[in-house]
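# Chains, contacts and geometry: an overview
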Amino acid sequence: MNLLLLLIVPLITALTILLCRNSLQVKWTAFAGSVVQLVLALVLLFVYRAEVVAGNAAQLFFEQDITLIESLNMHFHIGVDGISISMLLLTAMVVVAGVLFSWNTNKMTKEFYFLLILLALGAYGFFISFNLLVLFFFLEISIIPKYLLIGIWGSGNKEYSANKLVLMLMMGSALIMVGILGMYYIGGHDVDLMHLSNISIPAHLQKILFPLFFIGFGVFTAFFPFHTWVPDGHSSAPTAGSMFLAGISMKLGGYGCLRVAIFLLPEGAKEYGQVIVILSSIAILYGAFVTMMQKDLKYLNAYSSVSHVGFSLLALGMLTQTAITGALMQMISHGLMTALFFAVIGMIYDRTHTRMVNELGGLMKVMPFITTVLFIVGLCSLGLPGLSGFVAEMTVFVGSWQNDDVFHRVATIAAAMSIVVTAVYILRAVGQVAMGPLKNEAYAHLTDAKWNEKLAAIILLAGILSIGLVPGWLNDLLTPGAEIIMNRITGK
Amino acid sequence: MNEFFLLMKSELMVTAIIFLLLFIKVGKGMQNERLLPLIQLLLLLNVIFGFFFNQEGNAFGDMFHSTPMIVFEKNILNVGVYLISMLFSDWFKKTAHLAEYFLLMLSALLGMFFMLSSANMLMFYLALELASIPVAAMANFNLTQKQSSEAAMKMILSAAFSSGILLFGISLIYGVTGTINFEELSNYTTLSPLYTMAFIFLFSAFAFKLSVVPFHFWTADVYEGAPIATTSFLSVISKAAVAFILITVLYKVFQPLQNIWYVLVLLLAFITIVIGNLFAMRQQNMKRFLAYSSIAQVGFILVGISGSNTTGISSVVYFLLVYVFSNLAAFGVVSVISEQVNKESISDYKGLYQTNPLLTWVLALSLFSLAGVPPTAGFFGKFFLLTAGGAKASYAFMIVVVLNMVISLYYYLKVVRAMFIDQNETPIAAIQISAPVKLALIICSAGILLIGLFGWIFDFIQSLN
């Protein structure tokens, strides 16, 4: 399968959107483009599995290498492994859902969908590129769309949030850029990921480069203490914007931490592993406790994101194969579940025009579909068995427990304690919103979800359930990649 | 004989246009409406002709020399001047002395061409004077405005001052080495304090022309007071020319002093980026804003120059190629708005997207390109500069430089935010853009979007070395 299709389809979609005459055409074009992309991602998954079953044990599949700049040795090197495919699937699902949930947008529709698709394009390119410059290029492409999406279509203190988000993410990019420059000279004028993984980078340089990459990508994925853009950014963004930020953008960072920082610099990872564990444990607990205090549903979900993403970073710091698989599962599970959570919040806000927990109540009576979805994501968030959150968190804890020293055990236990706190805030908020008598007379006339919202919710729910009920396929997908990374760490 | 003509074809072309304009002026004269398209056509031919019949070699007793790289640099300047003639059509049509303005501009361009081709300090000095004195007259072209005269006065005084320093440096060099020929100077390897001092004098003259901090004080006032066409000529064309020749001088002539100038360039790059950024943040007037931001850009060019390898040359040339398109597009939009509604403050731009989406997108693209955000070409330009600079600089220095890119993004975003996000009851009304301006803006936007995506452009520049 030609991976360039994954870039060409969104590009054509974006350009077609610019040519559309009215907002209905724009919406259908965006929808069609994102569905094609989802189909492509699914086809990729099946083709990949067929290859694996046929006994193809290559590290990368469907590789392509196009020379961009000969004199600087820059190549457009793309390929996929199981990890990338799972990320691509996640992205494609969130994009379809995001497009559907924004169906009611009527302010500058053309620009809105153009930027959404551009943001998605950056993510697709990021997950398939195996050259640091190309990877970085795609990472940065999303900066402009994020700024404008929050700034123009956002709510609340949107100028401040957009500025804060973009500048913090740019700061992360700046560190990554310096890291890439360092790699360029260490790797003999070549920043190909596969090439760099084959040369031995001196330990003292790894200790300099690792923090640059890990913090750089960490800013994107709310690595404590660089998480402060998350609550503001998420709560000010429009619904689709929050979904993309939580479901896609934060995953770029986590994937980068693993694929670039840990994979290329295993010595550095061992050196700083404990720091990562400490900071992520703080993030998990701190995030959970701060969430308890939130009154605004969007802030609640944003802070719980900090806590949930902390699990995947904690697992990365644990440096065992199970933990790394768990980290990736947590990223995917969190992507689906948070995107859906934001979507539900968006639906509720569209109808009631408030996001305050204490102003809502009894919505189960008027919008059963929406509140049911809210229940499911809530339970997924607190790790109910049968849903993706449980599978991911369990894998993370099992992987973490494999480190049998006191330090790692304490960190694992501390992180696990946060689940209790999560249960408190999730049950309280969901119960308040859904149960009890109707808080407001006006709510009695509200309508339930429309076709587009139902369809989008079902797509995301399908993802959550398929991971929760039959986690084997995801595990099979992630394990080979995690094993290769683990071999780098143990030095095999 | 034929070879000689081809060797100097860029200079001869520009000279021919200058004479043609002179004849038209002293003869019957022409209406601006007819003269301007003629000039634009001639400059377009000049650009096209620049890419053919390239010759390599020396002339005038080794005072003048030309290489493919130098020809390419001249072509970049040609493209810039052509774009200027298109972008500021509105203003040109109104001005009373159109022919004179282009006479001056082309004379300055001729000076720059000779400067790029000079292989001798004497030639270099003459060319530099030719390239700077007409610009002072150009700065005075808003004849009724006091500010414009003030700009011209500041310009000429600072130019004269830096020329004095330059001459002093050259005389010291001659005193120490007994030669002013570039080739012979590059073989002079005996280091002495006097020679170092001579170099520093010479270098500070360059710093004046490039408005490197702490030699930048003239820049903002001149940029603000001068007509926008002049400002853009100064901040794009002049700067590019001086940066090109600075590379030759540092890399070839003062190769033996490399250890000294490396530290100097790095230090000045640091100060320039930081101060440029800090001042740009506070500006409210678009012209001043672009002036200070262009000071910061020069700092990045210095980072690239400090790399002192072939990548250093190519990356600077590449960056300036991109810079011509990005910065001229920004000045073009500012000029269109300022000509039609006479508004130049950033706060006037609030809500511009509602009324003028096309202009807004062009300005936003050019600002993102200046800030170095993908997918614009400016990203690749900055990245290559840093790649060149990273060959020798420490991690700490690179981090500081790159973090300054974030700071610069902050103030570029201020303008973007005003245009796209901020609400305004009375935004600037919809503006009718004339055809040549529109064409030039489209060329600039295409350059900003496409140059970065075609990797072979960098390869081509690299192959010229």
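Computed from a prediction, not measured in an experiment: that's the story for all the values here. (Residues numbered from 1 in each chain as written. Chains lettered and ligands numbered in written order. Predicted model: local features only at pLDDT ≥ 70, side-chain atom pairs only at ≥ 80, totals over all residues.)

Turning to the overall build of chain B, a few remarks are in order. Broken down by element type, chain B carries 21 helices and 2 strands. If you line up chain B on its principal axes, its C-alpha atoms span 70 × 60 × 45 Å. Going through the 465 residues of chain B one by one, you find that 58% of them count as buried. (Helix = DSSP H or I, 4+ residues; strand = E, 2+ residues; numbered from the N terminus. Buried ≥ 20, exposed ≤ 12 C-beta atoms within 10 Å, placed from the backbone.)

On to the overall build of chain A, then. Check the secondary structure of chain A and you find 20 helices and 2 strands. Here the C-alpha radius of gyration of chain A, 21 Å, is about what a compact globule of 492 residues would show, namely 23 Å. Principal-axis analysis of the C-alpha atoms places the extent of chain A at approximately 70 × 60 × 45 Å. Counting over 492 residues, chain A shows a buried share of 60%. (Rg over C-alpha atoms; globule rule 2.2 N^0.38 Å.)

The interface is formed by 29 residues belonging to chain A together with 26 residues belonging to chain B. Broken down by secondary-structure element, the contributors of at least two residues to the side of chain A that touches chain B are β1 (61–69), α5 (132–141), α6 (143–153) and α7 (158–186) of chain A. Looking at the side of chain A that touches chain B residue by residue, the class counts come to 22 nonpolar, 4 polar and 3 charged. (Contact = placed C-beta atoms within 7 Å. Nonpolar A, V, L, I, M, F, W, Y, C, P; charged D, E, K, R; others polar.)

All names here are of chain A. Note that H77 resides in strand β2 (residues 74–80). Sequence separation between H77 and L60 is 17 residues, and the spatial gap between their C-alpha atoms is 11 Å. When near neighbours in sequence (up to four residues on either side) are disregarded, H77 contacts D65, S129, F130, N131 and D192.

This part takes up the confidence of the model for chain A. Of all residues in chain A, 100% have pLDDT values of 70 or greater, and the mean over the chain is 88. The secondary structure element of chain A with the lowest average pLDDT is helix α15 (residues 363–366) of chain A, at 82, and the one with the highest is helix α3 (residues 82–101) of chain A, at 91. (pLDDT = per-residue confidence, 0-100.)

This paragraph deals with the pairing of β1 of chain A. The side chains of a regular strand alternate between the sheet's two faces. All names here are of chain A. Both β1 and β2 contribute to a ladder of 6 bridges, which runs antiparallel. Across the sheet, residue F61 finds its bridge partner in β2, namely V80. Connecting β1 to the next strand, β2, in antiparallel fashion are 4 residues, including N73 with a positive phi near 60°. (Pairing = 2+ DSSP bridges.)

Attention shifts here to unusual backbone geometry. All names here are of chain A. Geometrically, the link from F224 to P225 is a cis peptide bond, its omega value of 0° lying close to zero. Locating P225 in the fold gives a position in the loop between α9 (203–220) and α10 (229–236). A positive phi angle, near 50°, is found at F62, a position not held by glycine. The residue F62 is located in strand β1 in this model. Residue H353 is not a glycine yet carries a positive backbone phi of 60°. Relative to the elements of secondary structure, H353 occurs in the loop between α14 (321–352) and α15. On the basis of neighbour counts, which here come to 9 C-beta atoms within 10 Å, the residue H353 falls in the exposed class.

All names here are of chain B. Within the element layout of this structure, Q423 appears in the loop between α19 (395–420) and α20 (435–450). Residue classification places Q423 among the exposed positions, given that 8 C-beta atoms sit within 10 Å. Between the C-alpha atom of Q423 and that of G351, which follows or precedes it by 72 residues, the distance is 5.6 Å.

Residues and elements named next belong to chain B. Contact geometry for helix α15 (residues 310–341) and α20: axes closest at 9 Å, N-to-C directions at 145°. As α15 packs across α20, the resulting crossing turns out to be left-handed. Contact residues: F325, S326, L328, A329, G332 and V336 in α15; V437, A440, L441, C444, S445, G447 and I448 in α20. Partitioned by chemical class, the residues of the contact of α15 with α20 number 9 nonpolar, 4 polar and no charged. (Axes fitted to C-alpha atoms, helices over the stretch in contact; angles between N-to-C directions. Left-handed = near helix turned anticlockwise from the far one by under 90°.)

With that settled, consider the packing of α14 of chain A against helix α17 (residues 388–401) of chain A. Helix packing for two helices is described by the angle between their axes and how far apart those axes are. All names here are of chain A. Relative orientation of the contacting elements α14 and α17 amounts to 155°, with a least axis distance of 8 Å. With respect to α17, the axis of α14 lies roughly antiparallel. The chirality of how α14 crosses α17 is left-handed. Mapping the contact onto sequence places T322, A323, T325, G326, A327, M329, Q330, S333, L336 and M337 in α14 and S388, G389, V391, A392, E393, T395, V396, V398, G399 and S400 in α17. A class-by-class count of the residues in the contact of α14 with α17 yields 9 nonpolar, 10 polar and 1 charged. (Parallel < 35°, antiparallel > 145°, perpendicular 65-115°, else oblique.)

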